[in-house]
Amino acid sequence: MTLAVNTRPGVEHRRAVSARLLTTVGLLVVLALVCVASVTFGVLDVGWNDLVAGVMGGQETTAQAAVVKRMPRTVLAVLIGAALGVAGAVMQGVTRNPLADPEIFGVNAGASLAVVTGIVFLGLSSQSGYIWFAMVGAAAASLFVYSVGSLGRGGATPLKLALAGAATAVALSSLVSAILLPNVQDMETFRSWSIGGVGGATWDKIALIAPFLLVGLLISWSSSRALNSLALGDELAAGLGEHVNRSRLLASLGGVILCGAATAIAGPIGFVGLVVPHVVRLLVGVDHRWLIPLSAIGGAILLTAADVVGRLVGGTEEIQVGIITSIVGAPFFIWIVRRQKVREL
Amino acid sequence: MTAISEHVAPAEPGTSTLDIVVASRRRRSHRRILVHLVLAVAVLVAFWLSLTLGRTNYSSADVIGVILGHDVEGSFTIGTLRIPRASTGALVGLAFGLAGATFQTMLRNPLASPDVIGISSGASAAAVIGILVLNLEPSAVSLLATVAALATAMAVYLLAYTRGGVANTRLILVGIGLSAMLSSVVSYVLSGAAAWDMQVAMRWLSGNLNGATHERLVPLVIATVVLVPVLLWLTRDLEAMRLGDQTAAALGVPVERRRILLIIVAVALMAFGTAAAGPIAFVAFLSGPIAARILGPVGSPVLASGLFGALLVLVADFVAQYALGTKFPVGVLTGALGAPFLIYLLVRSNRAGGSL
């Protein structure tokens, strides 16, 4: 995977910008449609009039009440999706690795272990507590997997990172079972967190994570120039005046905040961060200044759509959004692996 | 290495190179035999201790009496509980150790054991569905898990197959991707389960020997008797494949066919082991590198890895049962052991400057 920076000068450049703006507008329209679908469809489908009334805050009919209940859920799905999409783009940029994803790299397992530790040993039960624990766990796991994966000859190859991530995930989830098995009552608390999805969304939860997501998004977007330089390779980036390690650390910080906060509220959700940046790169190229904001929109579309599909397919027992994204995302992962030339893996 | 240099130092000036090579080869093969003997004796001792020791301790005479069919004190505890449990533990450990070292040698990567690259995730998903959705008997769950493990391995192989054959890296990555998908199936099924069923399923998923009975031991024994000799016969070609696919082909090994055969045999061992005791974490992952380390660079580590796996499961199960206050499934212990070992393995390979 080469993430070369596109530097076409003059007219070509302006044309590229307008094409990208057009793509952005197109994606925003799709996002708006998906959001409408998310408020409309479910066990009870809502008509247009009720939809408008419900959004305005009307509660007269059941349909309007359903709309009111579905609104925070939709907003949460958009936020979490955006966070995961950006986290994926940042991770792929920082590691220069097409397979980077919080699920594959064991980052979600790290967040899970931290939350379990909090629940069982420290009596953690509040959402805000989950956020800090999940974030620390995600940071520790990603640091560990990255340093383990970049040991030895050849630095951090996708293969080494993926193996280190998989092995770490197995080890961490054994520790999760070791902690949970003697504590049946905590198992229930953990389960409701770990399969959280976006079903339990409330405005309180949204208000809780919004600042984290905002900070994470800003850090990530402000690192996009640095990520563009890093894509050229460490030596060249240093030659261009980039503080390689500092930029990498800052960008990773943005990714970890996003990923940890999203995981804390919605439980481990895999593959959004893997799929979205790849698709967006096909649309707008490899410039991170565009890639990162559009990955946010793309992630929001994917997660909201997955949530709607989970509601429609599952009927009254809806399928959690993380399961849908895995079932869509894993074949995509395999497709990327098949497409790459072996020596690049 | 020191053994060789010690030998070279006192060699007379007239001694031919051939003599030195022959002597050092003999020395290495002695070491090989010695290591295997020590491991085998250790397995037997651990097996015997897990029959005699426990909440109640029995003498060796009692155990022999029970095995010979006499009606002595403790014949229920020993005959119905401990013998199936210890035998299952030893055989599952053997199977996992053999399969793990086979995959690690074939894929030339110490991290690429079947449990890490997701071969057992198919068995886990099938078992969870069998337990929670279909409410099957334990024996039917085992059968389903065996079939599913084989099917998963076949899917991984086919998905990694392109015109140029199956590249090792692709096989590993496809396995990781597929197992991520299967584990989301597991968590979906778990999400709808009642709390009690959830604990049963979680115990199965961690891997434990509580369900060991004489009846469930039978398929495992048959699989071991049939598959282990085949695998040991294949290790010769496996050693050649270690040098690289092209070198192996030049040495006359039909690489692609051997790879398929090795995968089938190793996965079948994994599958029967998983069906009997669940996916005991990291036994396959830990055994190969440790066995290779004990052996030194002398030939195939596969058999030694199997013996070490058996020893590991027996000891870990004993500790998990009696030494920790709560009774843990054995897989929780081996999984927790795997984490520090993973770090050790990676740090060591970094120091050596090798790539994983």
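Residues numbered from 1 in each chain as written. Chains lettered and ligands numbered in written order. Predicted model: local features only at pLDDT ≥ 70, side-chain atom pairs only at ≥ 80, totals over all residues.

Let's talk about the overall build of chain A
A count of helices and strands for chain A gives 14 helices and 0 strands. Along chain A, helices and strands appear, N-terminal first, in the series α-α-α-α-α-α-α-α-α-α-α-α-α-α. Within chain A, buried positions represent 57% of all 345 residues. The long-range fraction of contacts in chain A, counting pairs at least 24 apart against all pairs at least 6 apart in sequence, stands at 77%. (Helix = DSSP H or I, 4+ residues; strand = E, 2+ residues; numbered from the N terminus. Buried ≥ 20, exposed ≤ 12 C-beta atoms within 10 Å, placed from the backbone. Contact = placed C-beta atoms within 7 Å.)

Description of the overall build of chain B
If you tally the helices and strands in chain B, you get 14 helices and 2 strands. For 356 residues, the compact-globule estimate of 2.2 N^0.38 gives 21 Å, and chain B sits close to it at 22 Å. Considered along the principal axes of its C-alpha atoms, chain B spans approximately 75 × 60 × 35 Å. Within chain B, contacts between residues separated by at least 24 positions form 75% of all contacts whose residues are at least 6 apart in sequence. (Rg over C-alpha atoms; globule rule 2.2 N^0.38 Å.)

Some thoughts on the interface of chain A and chain B
Contacts between chain A and chain B engage 40 residues on the former and 45 residues on the latter. Contributions of two or more residues to the side of chain A that touches chain B are made by helix H6 (158-180), helix H7 (184-194) and helix H14 (321-339) of chain A. Per-element tally for the side of chain A that touches chain B: the top contributor is H6 of chain A, with 12 residues. Partitioned by chemical class, the residues of the side of chain A that touches chain B number 26 nonpolar, 8 polar and 6 charged. (Nonpolar A, V, L, I, M, F, W, Y, C, P; charged D, E, K, R; others polar.)

Brief notes about the packing of helix H4 (residues 107-122) of chain A against H7 of chain A
Angle between the axes and distance between the axes: these two values describe a pair of packed helices. All names here are of chain A. Orientation of H4 relative to H7, taken along the N-to-C sense of each, is 145°, at an axis distance of 10 Å. In the packing of H4 onto H7, the handedness of the crossing is right-handed. Note on element contacts: H7 touches H4 through Asp-186, Thr-189, Phe-190, Trp-193 and Ser-194, opposite Ser-112, Val-115, Val-116, Ile-119 and Val-120. The class makeup of the residues in the contact of H4 with H7 is 6 nonpolar, 3 polar and 1 charged. (Axes fitted to C-alpha atoms, helices over the stretch in contact; angles between N-to-C directions. Left-handed = near helix turned anticlockwise from the far one by under 90°.)

Observations concerning helix H9 (residues 214-241) of chain B
Residues and elements named next belong to chain B. Taking 1.5 Å of rise per residue, the 28 residues of H9 would be expected to cover 40 Å, and the 39 Å separating its terminal C-alpha atoms lies within 8% of that figure. Maximum bend of H9: about 40°, positioned at Thr-235. For H9, every residue scored as buried is listed here: Leu-220, Ala-223, Thr-224, Leu-231, Leu-234, Asp-237, Leu-238 and Met-241. Those residues of H9 hidden inside the fold are in contact with helix H4 (75-106), helix H10 (245-250), helix H11 (255-277) and helix H13 (302-322). (Expected span 1.5 Å × (residues − 1). Bend = angle between axes of the 7 residues up to and from the residue.)

Here's the deal with the environment of Ser-128 of chain A
Mapped onto the secondary structure, Ser-128 of chain A falls in helix H5 (residues 127-149). In this structure, the C-alpha to C-alpha distance between Ser-128 of chain A and Ile-209 of chain A, residues 81 residues apart in sequence, is 8.3 Å.

Digging into the packing of helix H2 (residues 17-52) of chain B against H4 of chain B
Residue and element names in this part refer to chain B. Two elements in contact, H2 and H4, have axes separated by 9 Å at closest approach and are oriented at 155°. By the angle class used here, H2 and H4 are roughly antiparallel. Read as a crossing pair, H2 and H4 show a hand that is right-handed. Counted together, Val-43, Phe-47, Ser-50 and Leu-51 of H2 and Ile-78, Arg-82, Ile-83, Ala-86 and Ala-90 of H4 form the full contact between these two elements. Along the lines of polarity and charge, the residues of the contact of H2 with H4 split into 7 nonpolar, 1 polar and 1 charged. (Parallel < 35°, antiparallel > 145°, perpendicular 65-115°, else oblique.)

Thoughts on the nonpolar core
It is characteristic of soluble globular proteins that their nonpolar side chains tend to be buried jointly. Residues and elements named next belong to chain A. In terms of nonpolar packing, the biggest core is built from 234 residues, with Ile-80, Ala-83 and Ala-261 touching the most fellow members. Examining the composition of this core, we find that 17 residues originate from one element, helix H3 (residues 62-95), more than from any other. For Ala-261, the contacting residues outside a window of four places in its chain are Ala-83, Ile-131, Met-135, Ile-209, Phe-212, Leu-213 and Gly-216. (Core = buried A, V, L, I, M, F, W, Y, C linked by C-beta atoms within 7 Å.)

Considering helix H5 (residues 119-133) of chain B
Think of an α-helix as turning once every 3.6 residues; residues three or four places apart then point the same way. Residue and element names in this part refer to chain B. Helix length check: H5, at 15 residues, gives a terminal C-alpha distance of 22 Å against a target of 21 Å (1.5 Å per residue), a fit within 8%. For H5, the buried fraction is high: 14 of the 15 residues fall into the buried class. Just past H5, the residue Asn-135 takes up positive phi, approximately 50°.

Considerations on the confidence of the model for chain A
On average, chain A scores 81 in pLDDT, and the residues at 70 or more come to 89%. Averaged pLDDT values for the elements of chain A fall to 70 in helix H2 (residues 48-55) of chain A and rise to 90 in helix H8 (residues 203-222) of chain A. (pLDDT = per-residue confidence, 0-100.)

Quick notes on unusual backbone geometry
Of note, Phe-271 of chain A is a non-glycine position whose phi angle comes to about 75°, a positive value. Note that Phe-271 of chain A resides in the loop between helix H11 (244-266) and helix H12 (272-284). Backbone geometry places Phe-282 of chain B, a non-glycine residue, at a positive phi of 70°. For Phe-282 of chain B, a count of 30 C-beta atoms within 10 Å corresponds to the buried category.

A few points about the confidence of the model for chain B
Residues and elements named next belong to chain B. Across chain B, the average pLDDT comes to 81, with 91% of residues at or above 70. Counted against residues more than four places away or in other chains, residues 1-9, with its pLDDT under 50, gives 6 contacts. Interface confidence for the predicted complex, expressed as ipTM, amounts to 0.77; the pTM equals 0.79.

Remarks on the environment of Asp-71 of chain B
Looking at where Asp-71 of chain B falls in the secondary structure, it is placed in the loop between helix H3 (60-67) and H4. Sequence separation between Asp-71 of chain B and Arg-27 of chain B is 44 residues; the distance between their C-alpha atoms is 49 Å.

Points about the environment of Ile-64 of chain B
Residue and element names in this part refer to chain B. Positionally, Ile-64 belongs in helix H3. The exposure class of Ile-64 is exposed, given the 12 C-beta atoms found within 10 Å. Here the alpha-carbon distance between Ile-64 and Gln-321, two residues 257 residues apart in the chain, equals 23 Å.

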